[in-house]
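Each chain, written out:
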Amino acid sequence: MRSFALLAFLILLITGFDRKPIVAEVCLSPEEKRLYDMIMEYRKSKNLPSIPLSSKLTLVAKTHARDLAENYEFSPKNKCNPHSWSEKGTWTSCCYANHKQASCMWVKPQEIAGYTGNGYEIAYYSSIGASAKEGLDGWKISPGHNPLLINSGTWSTIEWNAIGIAICEEYGLVWFGEVKDEDVTALCK
């Protein structure tokens with residue numbers, strides 16, 4: 001029995017400590033890839049570097065986009081904005097009514113995907129269905145969203161090293177992070 005326990009310990013020692021957290025395989029749809037490419041072209045026009053795609057931030061973006069599509073009522077009467085998370089998932093729910101609740105959003109990449117830094121989200125809604133062009137066009141003219149895209153204002157000293165993209169039904173989301181993510185995001189087949 002002692003030799004079995006020793007063997008089990010050695011196997012764990014050899015294989016268990018060098019593993020990365022398991023992240024569900026995520027991929028971009030053609031429209032999501034189009035949004036990514038359009039954002040990178042926009043950044044290039046401002047002499048800014050490309051941001052590597054992040055599998056972990058894309059997982060968070062897709063999870064949140066699905067949560068919004070299934071559980072969020074987009075209405076002027078809703079006191080919670082689209083950075084909110086429902087109670088219908090394995091995450092901590094929250095009502096994001098103003099920037100005092102920002103940490104609720106910032107920690108979602110850690111909570112959902114094991115990303116080691118904070119995440120910062122921009123979101124858009126279209127009643128006719130989200131698209132890459134409409135989303136980016138809206139963010140570019142929005143004083144609250146454009147600065148994240150082009151590292152201006154509050155975000156001017158930040159270096160984005162990871163980006164996640166999701167489009168689901170009426171919602172388009174982009175997540176930004178400062179920490180690199182070595183996991184690869186591919187195109188969906």
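Residues numbered from 1 in each chain as written. Predicted model: local features only at pLDDT ≥ 70, side-chain atom pairs only at ≥ 80, totals over all residues. Heavy atoms only, no water.

Visitor: Where do I start with the state of the cysteines in this structure?
Guide: In protein structure, a disulfide is the covalent linkage between the sulfur atoms of two cysteines. Overall, the coordinates contain three disulfides when judged by the stated rule. The disulfide that involves Cys 27 links it to Cys 188, with 2.1 Å between the sulfurs. The sign of the 95 degrees torsion about the S-S bond sets the Cys 27-Cys 188 disulfide as right-handed. With Cys 27 in strand β1 (residues 27-28) and Cys 188 in the segment after β5 (186-187), this pair connects stretches of sequence that are 161 residues apart. Owing to a relative accessible area of 31%, Cys 188 belongs among the partly exposed residues under this scheme. Bridging Cys 94 to Cys 104, the disulfide has an S-S length of 1.6 Å. (Disulfide = S-S within 2.5 Å. Helix = DSSP H or I, 4+ residues; strand = E, 2+ residues; numbered from the N terminus. Buried < 20%, exposed > 50% of the residue type's maximum accessible area, 1.4 Å probe, protein only.)

Visitor: Help me understand helix α2 (residues 30-45), please; the structure alone is not making it clear to me.
Guide: Three- or four-residue spacings in an α-helix give side chains the same orientation, since the helix completes a turn every 3.6 residues. The terminal C-alpha atoms of α2 lie 22 Å apart, and with 16 residues this matches the ideal 22 Å at 1.5 Å per residue to within 8%. Buried within α2 are the following residues: Glu 32, Leu 35, Tyr 36, Ile 39, Met 40, Tyr 42 and Arg 43. Around the axis of α2, the buried residues are gathered within 160 degrees of arc, so they sit on the same side. In α2, the exposed positions angled more than 90 degrees off the buried face are occupied by Pro 30, Glu 41, Lys 44 and Ser 45. Elements in contact with the buried residues of α2: β1, α3 (55-71), α6 (132-140), α7 (146-150), β3 (162-168) and β4 (171-177). Just beyond α2, the residue with positive phi is Asn 47, at close to 60 degrees. (Expected span 1.5 Å × (residues − 1). Arc of directions from axis to C-beta. Contact = heavy atoms within 4.5 Å.)

Visitor: Explain the packing of aromatic side chains here, please?
Guide: Between two aromatic rings, the relevant description is the distance of the centres plus the angle of the planes. Enumeration according to the criterion identifies eleven aromatic pairs in this entry. Considering the side-chain rings of Phe 74 and Tyr 125, the 3.9 Å spacing of their centres and the 10 degrees angle between planes classify their relative orientation as stacked. Taken together, the residues Phe 74 in the loop between α3 and α4 (102-106) and Tyr 125 in strand β2 (residues 119-125) connect sequence positions 51 residues apart. Look at Tyr 124 and Trp 139: their rings are 5.9 Å apart centre to centre, the planes differ by 80 degrees, and that puts the pair in the edge-to-face class. One end of the pair, Tyr 124, is in strand β2; the other, Trp 139, is in helix α6, and 15 residues separate them in sequence. (Phe/Tyr/Trp six-rings, centres within 6.5 Å; stacked < 30°, edge-to-face > 60°.)

Visitor: Mind showing me how you'd approach the sheet that holds β2 here?
Guide: Pairing between sheet strands relies on hydrogen bonds along the backbone, with the strands arranged either parallel or antiparallel. Overall, antiparallel pairing links the three strands, which are arranged β2-β4-β3 in an open sheet. Every other strand in the sheet has two partners, leaving β2 and β3 as the edge strands with one partner each. Between one strand and the next, the sheet's axes are offset by a mean angle of 15 degrees, whatever the strand orientation. Of the pairings in the sheet, the one linking β2 to β4 comprises seven bridges and is antiparallel in character. When the bridges of β4 are listed, Tyr 124 appears paired with Gly 172. Lying over the sheet, α2 contacts β3 and β4, oriented at roughly 135 degrees with respect to β3. (Pairing = 2+ DSSP bridges. Axes fitted to C-alpha atoms, helices over the stretch in contact; angles between N-to-C directions.)

That's the geometry; what it means functionally is another story.
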